Structures are given as structure tokens and as C-alpha cells.
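One letter stands for each residue in the lines below.
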Amino acid sequence: MSTVTDSLLKVSNLAIEFDTDEGQVRAVDDISFSVQAGQTLGIVGESGCGKSVTALSLMRLLPQPMGQIVSGSIEFEGKNLAQASIKEMEKIRGARIGMVFQEPMTALNPVKTIGKQLIESLLLHTKMSADKAIQAAVAMLDRVGIPSPDIRIAEYPHQLSGGMRQRVVIAMALICRPSLLIADEPTTALDVTVQAQILELLKELQDEMGMSVMLITHDLGVIAETCESVVVMYAGKVAETGTVYDIFDKPYHPYTRGLLNSIPRLDSPSKSVLNTIEGMVPGLLDLPSGCRFQNRCPHADETCTARAPTLDARSATHEVSCHHWLNLAPHKVS
Ligand SMILES: Nc1ncnc2c1ncn2[C@@H]1O[C@H](COP(=O)(O)OP(=O)(O)OP(=O)(O)O)[C@@H](O)[C@H]1O
Ligand code: SF4
Ligand SMILES: [Mg+2]
């Protein structure tokens, strides 16, 4: 098992707020997690739980001026990114941390060829000559599975299919060989076969480059296939965190169990109809006092409405934020 000293990224007590017309809202509230060197951390949760906002904050790309990191630290390669200057972040973004954004077209400039975009990144972040940068860009396009990369390098993003475009987005994120890749729903817009190919490609590239990956998804099936550890987020908080084994074999939090029950299971007739967690994630302006999951939780009682639970350590790797986790028997969702 990795120790804390192996952490490439260590996020501690991070809180993020947005200034909105209705007032200040806290989208991410006191979350902590780390990504170990060479490993993949999965961040999972339903829509609106704060996954993308967390990722954007690590890159210091929160929408400005509304979005702000209001507390916490983001330790990465000896720096606290929460306090880093604009100049320091320019050196880190794209070079030490690569990001695959949730909306792939936002990562690509529609009026520049894909080659120009890859080469610009290399020239900005490395001392490579222009000739070497062209060669490296062609090699990276080849590596991510773009056919005839020496010809396709002159194409514009709109000339590519969705799957090919996602491969280019991954090439852009990896061209400078970052030590951390943040991939925000990298396969959501793609059909199932292409999804599997892209996930396989990411795994291969990770092994080749020895980088760490933070993979954001709403799909626990993807987490099971690709991650060593998992953070389950609910309404801007960490509900449960642990190794893949902790989360899949001994989930304690009622939300984690609900998510696991929602995974379609073709091998079990009783699970062929998708179970969903009833109700919705509360809006940031309507957060209840006490546990944020209370309106959807079958175990909620007056303790849950009175005060918010804190994260309790179940083991060295496994933490749960629920008042009643001790009374909820270890539970393997089958
Ligand atoms: N610019 C903004 N201004 C105000 N609130 C925002 C802004 N951007 C995001 N939020 C709020 O922050 C919360 C978290 O959003 P986020 O995009 O991180 O969710 P997510 O977990 O990535 O969801 P999805 O699975 O749909 O991508 C949401 O309630 C969202 O409405
Ligand atoms: S604290 Fe209460 S409401 Fe929240 S998840 Fe646990 S049992 Fe459910
Ligand atoms: Mg998102």
C-alpha cells in the first residue's frame, strides 16, 4: 500500500465558493484526498456533486471572478497550487498537469489545426526545436491511434469524428508528458465501443509514462475497471473514500450503496431493471442543515437532520461520512 509520502497530489480541506445573483454558494466544502504516484484515483458522484469544479480548481481555472478557492491547500510537486501565482500556474498547466476537459471542444481551438495546437504546447513548455516538435506531435497522434498522423496533423478539429477528436484531446493533454492527468468524463460523449478503446488507451499511456491519473466519472463501472482508489462525492462533500476494494466490497455510506445498486447488471435478472436512488442532489441554495443526503437516505433520523456527519476512519484506507455507518453492516452489493 502507498504511504502519504508517495502522494503526487494532496488536497486538504479544499472549499470553493461561487458568487451568484442569489448570493454566495459553496460548491465544494472541506474535501481532502490524495493521488498517489503512478496510480489512478476515481472521483465519482451524480451530476452537480462538484467533480468538475474540484478539477478546475486544481488547475486554477475556476470561472472568474465568480469562482474562488476560499480555503484549503493543493500540494503538488512541492507547491501549494491554491496559492500559486498566475506565472507559476502557466508553467504547470499543460506541462506538469494535463487535463482532458468534460467538453472536448472547449479544449481544442476550432480555428487552428490540431498539429499547430500540439506544437504550440511543446514550444511553450519545452526547449524543443520546431522540427523536433513536429516529429513529436506526429508521434503522439500516432500513439493515441490517429491513422495517417502525418496527414491528419494538418486537419482542424471539426474534420474529426467524436472518437478521433477525443484521442486528439488526450494527445494535447499528454504531449508534454505531465506527471498528473486529470480526465473529466473522458468517454461520456462516446459510444460504448469507443469508450472502452479510449479507457484502454489511457491505461496503456499511463503505464508507459508512469503518470498519475485523476479520473472523474459518474460511472462506477468505469472506476472498477481503471482505478486503485475512489472518492465518492455528494453535494460538494466527500461521502466515502477508500481503495477500490473498500468501496466495492465493503461500502458503508448509503449513497455509495445506492450508486453501486444503480450499476446495470446483465448477469442478474433482478438487476436487469436499473435501480436508481430516488430524489435529487439538493441545489447549493437549498442545502439542508445536517447530512446533505438526508432527504434520500433510508436510514435518516433526527441525528442526521440535527448535525452534519464528519469523515470517520474505518481503516487506514477507508473513510465514511455517516452518523450511522457503524450500525450499517458491511455490505457487498450483489
Ligand atoms: N459558474 C458557476 N456559478 C455558480 N455555480 C456553479 C458554477 N459552476 C458550477 N456551479 C455549481 O457547482 C456545483 C458543482 O458543479 P460541477 O460542475 O462541479 O458538478 P459535476 O459533479 O461536475 O456534475 P456533472 O456530472 O454534471 O459534470 C453545481 O451545483 C453547479 O451548479
Ligand atoms: S448521516 Fe444519516 S442521512 Fe446521512 S447518510 Fe448517514 S444515515 Fe443517511
Ligand atoms: Mg462535471
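Anyway, here's the lowdown on the structure attached to this text. As the structure is a prediction and not an experimental result, all values here were calculated from the model.

## A few points about empty space enclosed by the protein
Part 1 of the argument: With the rule as written, the count across this model stands at three cavities of 30 Å³ or more.
Part 2 of the argument: Taken as a whole, the largest cavity encloses approximately 120 Å³ of empty space.
Part 3 of the argument: Around the largest cavity, the lining residues are Tyr 234, Lys 237, Val 238, Ala 239, His 253, Gly 290, Cys 291, Arg 292, Phe 293, Ala 308, Pro 309 and Ser 321.
Part 4 of the argument: Ranked by residue count, the leading element in the lining of the largest cavity is strand β10 (residues 237-243), at three residues.
Part 5 of the argument: Per-class residue counts for the lining of the largest cavity are seven nonpolar, three polar and two charged.

## What about unusual backbone geometry?
Part 1 of the argument: For the peptide bond that leads from Gln 64 to Pro 65, omega is 5 degrees, which places it in the cis range.
Part 2 of the argument: Here Pro 65 is to be found in the loop between α1 (51-58) and β4 (67-76).

## Topic: the layout of surface pockets
Part 1 of the argument: When its volume is computed, the second largest pocket comes out at roughly 520 Å³.
Part 2 of the argument: Considering the residues around the second largest pocket, the lining is formed by 20 residues, among which Gly 94, Phe 101, Ala 107, Ser 121 and Met 172 are closest to the centre.
Part 3 of the argument: Elements with a contribution of two residues or more to the lining of the second largest pocket: β6 (97-100), α3 (104-107), α4 (114-125) and α7 (162-174).
Part 4 of the argument: The leading source of residues in the lining of the second largest pocket is α4, at five residues.
Part 5 of the argument: Residue classes in the lining of the second largest pocket are distributed as nine nonpolar, seven polar and four charged.

## Re the packing of α4 against helix α5 (residues 130-143)
In helix packing, the relevant descriptors are the interaxial angle and the interaxial distance, both defined with respect to the helix axes.
Part 1 of the argument: The interhelical angle for the contact between α4 and α5, taken along N-to-C directions, is 120 degrees, at an axis separation of 9 Å. Classified by the interaxial angle, the pair formed by α4 and α5 is oblique. As for how α4 packs across α5, the hand of that crossing is right-handed. Of the residues in α5, those in contact with Ile 114, Leu 118, Ile 119, Leu 122 and Leu 123 of α4 are Ala 130, Ala 133, Ile 134, Ala 136, Ala 137 and Leu 141.
Part 2 of the argument: The residue makeup of the contact of α4 with α5, split by class, is eleven nonpolar, no polar and no charged.

## Notes on the packing of aromatic side chains
Part 1 of the argument: A complete count under the given rule lists four aromatic pairs for this structure.
Part 2 of the argument: Arranged with centres 5.3 Å apart and planes meeting at 65 degrees, the rings of Tyr 255 and Phe 293 form a pair that is edge-to-face. With Tyr 255 in helix α11 (residues 254-261) and Phe 293 in the loop between α11 and α12 (302-306), the pair connects residues that are 38 residues apart, well separated along the chain. Comparing Tyr 255 with Phe 293, the two get one shared label, buried.
Part 3 of the argument: Members of the aromatic cluster, connected to one another through ring pairs, are Tyr 234, Tyr 255 and Phe 293.

## Considerations on the site of ligand 2
Part 1 of the argument: Residues in close proximity to ligand 2 total 13 residues, the closest being Cys 291, Cys 297, Cys 304, Cys 322 and His 323.
Part 2 of the argument: Taken atom by atom, the bulk of ligand 2 overlaps the second largest cavity.
Part 3 of the argument: Of the residues in the shell around ligand 2, the class split is eight nonpolar, five polar and no charged.

## A closer look at the site of ligand 1
Part 1 of the argument: Neighbouring ligand 1 are 14 residues, the closest being Ser 47, Gly 48, Lys 51, Val 53 and Gln 102.
Part 2 of the argument: At 2.8 Å from an oxygen atom of ligand 1 is found a main-chain nitrogen or oxygen belonging to Gly 48.
Part 3 of the argument: Contact between ligand 1 and Lys 51: an oxygen atom at 2.8 Å from a side-chain N or O atom of the residue.
Part 4 of the argument: With three residues, α1 is the single largest residue contributor to the shell around ligand 1.
Part 5 of the argument: Looking at the shell around ligand 1 residue by residue, the class counts come to six nonpolar, six polar and two charged.

Here is what the cut-offs are and how they apply
- Residues numbered from 1 in each chain as written.
- Chains lettered and ligands numbered in written order.
- Predicted model: local features only at pLDDT ≥ 70, side-chain atom pairs only at ≥ 80, totals over all residues.
- Heavy atoms only, no water.
- 1 Å grid on protein atoms, 1.4 Å probe; cavity = no way out; pocket = protein on both sides within 12 Å on 5 of 7 lines; lining within 4 Å.
- Points joined across faces, edges and corners; volume = space filled by probe spheres on them.
- Helix = DSSP H or I, 4+ residues; strand = E, 2+ residues; numbered from the N terminus.
- Nonpolar A, V, L, I, M, F, W, Y, C, P; charged D, E, K, R; others polar.
- Axes fitted to C-alpha atoms, helices over the stretch in contact; angles between N-to-C directions.
- Parallel < 35°, antiparallel > 145°, perpendicular 65-115°, else oblique.
- Left-handed = near helix turned anticlockwise from the far one by under 90°.
- Contact = heavy atoms within 4.5 Å.
- Phe/Tyr/Trp six-rings, centres within 6.5 Å; stacked < 30°, edge-to-face > 60°.
- Buried < 20%, exposed > 50% of the residue type's maximum accessible area, 1.4 Å probe, protein only.
- Near = heavy atom within 4 Å.
- Sits in = over half its atoms within 2 Å of the grid points.
- Polar contact = N/O pair within 3.5 Å; in protein donor to acceptor, adjacent residues only side chain to side chain.

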